[in-house]
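Coordinate analysis (summary)
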Amino acid sequence: MMKLYWAPRTRSFTALWLMEETGQPYERVLTDIATGAQKTPEYLAINPMGKVPALGDGDATLAEAAAICAYVAERYPQAKLAPPLGDPLRAKYLYWLFFSPGCIEPAIVQIATKIEMNPVAAGWGEARRVFDVLDTAVSKGPWILGDTFSAADIVIGSGLNFAVRMFKMVPPRPSFDAYLDRCAARPAFQRAEKIAAG
């Protein structure tokens, strides 16, 4: 059984939602970051960065929310959270799966901290452009791959929910609100929210 190390009000929500979408049993290990549980030698052996979420699957361990999504979606193909190899949608799926940690998260930090960055030097380019590109993508809907819900929606939806609704770091847009409403209507999202709320 997979073991998910998590903490409330963190990127762990992405992994919680993902695991709930699979419909498979898993063990949740609450990692109290307020007390430094993520800095113990036992936890650092799982994730040397000392962050949550992390995942244990037998002898395999990994961290980073998007990586966990990619791994679990492939381990449970019956959940249909990733287009299979050879499917033309797989390229777009991989793009969006990694757009969140590669572009959205740095852009959120840039906006929240008001740090000026040369868009040529910044790996994510310009923060406003990141959200304009995302705006266009989710406007087409209902999901980031069109009619197909995937782990990419879990990563994108979690990041947007975190930035727009939970911490209000990014201004809402009509397309973001509609997309987040669709995400929040999913039973797995609702179960993950209840878990995260304690």
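Okay, so let's go over this structure. (Residues numbered from 1 in each chain as written. Predicted model: local features only at pLDDT ≥ 70, side-chain atom pairs only at ≥ 80, totals over all residues. Heavy atoms only, no water.)

If you look at the biggest cluster of nonpolar residues, it comprises 57 residues, and the most contacted ones within it are Trp-17, Leu-18, Phe-131, Leu-134 and Ile-144. Elements with a minimum of two residues in this core: strand E1 (2-6), helix H1 (12-22), helix H3 (65-75), helix H4 (89-113), helix H5 (127-140), helix H6 (151-166), helix H7 (174-184) and helix H8 (187-197). Counting seven residues, the second largest nonpolar core, distinct from the first, contains Tyr-5, Tyr-43, Ile-46 and Ala-54. (Core = buried A, V, L, I, M, F, W, Y, C linked by side-chain atoms within 4.5 Å. Buried < 20%, exposed > 50% of the residue type's maximum accessible area, 1.4 Å probe, protein only. Helix = DSSP H or I, 4+ residues; strand = E, 2+ residues; numbered from the N terminus.)

Hydrogen bonds between backbone atoms are what pair the strands of a sheet, whose relative direction is either parallel or antiparallel. With mixed pairing, four strands are arranged side by side in an open sheet as E2-E1-E3-E4. Single-partner strands in this sheet number two, and they are strand E2 (26-30) and strand E4 (60-63). Strand-to-strand twist across the sheet, computed as the mean angle between neighbouring axes with direction ignored, equals 20°. Across the sheet, H3 is in contact with E1, strand E3 (54-57) and E4; its angle to E4 comes to roughly 140°. (Pairing = 2+ DSSP bridges. Axes fitted to C-alpha atoms, helices over the stretch in contact; angles between N-to-C directions. Contact = heavy atoms within 4.5 Å.)

The subject of this paragraph is unusual backbone geometry. The step from Val-52 to Pro-53 runs through a cis peptide bond, and the omega angle for that step is 5°. Mapping Pro-53 onto the fold places it in the loop between helix H2 (41-46) and E3. Following Gly-141, the chain continues to Pro-142 via a peptide bond in cis, the omega torsion being 0°. For Pro-142, the location among the structural elements is in the loop between H5 and H6. Even without being glycine, Glu-64 reaches a positive phi, approximately 75°. Mapped onto the secondary structure, Glu-64 falls in the loop between E4 and H3. Residue classification places Glu-64 among the partly exposed positions, given a relative accessible area of 39%.

Spatial relationships are all this shows, so hold off on functional conclusions.
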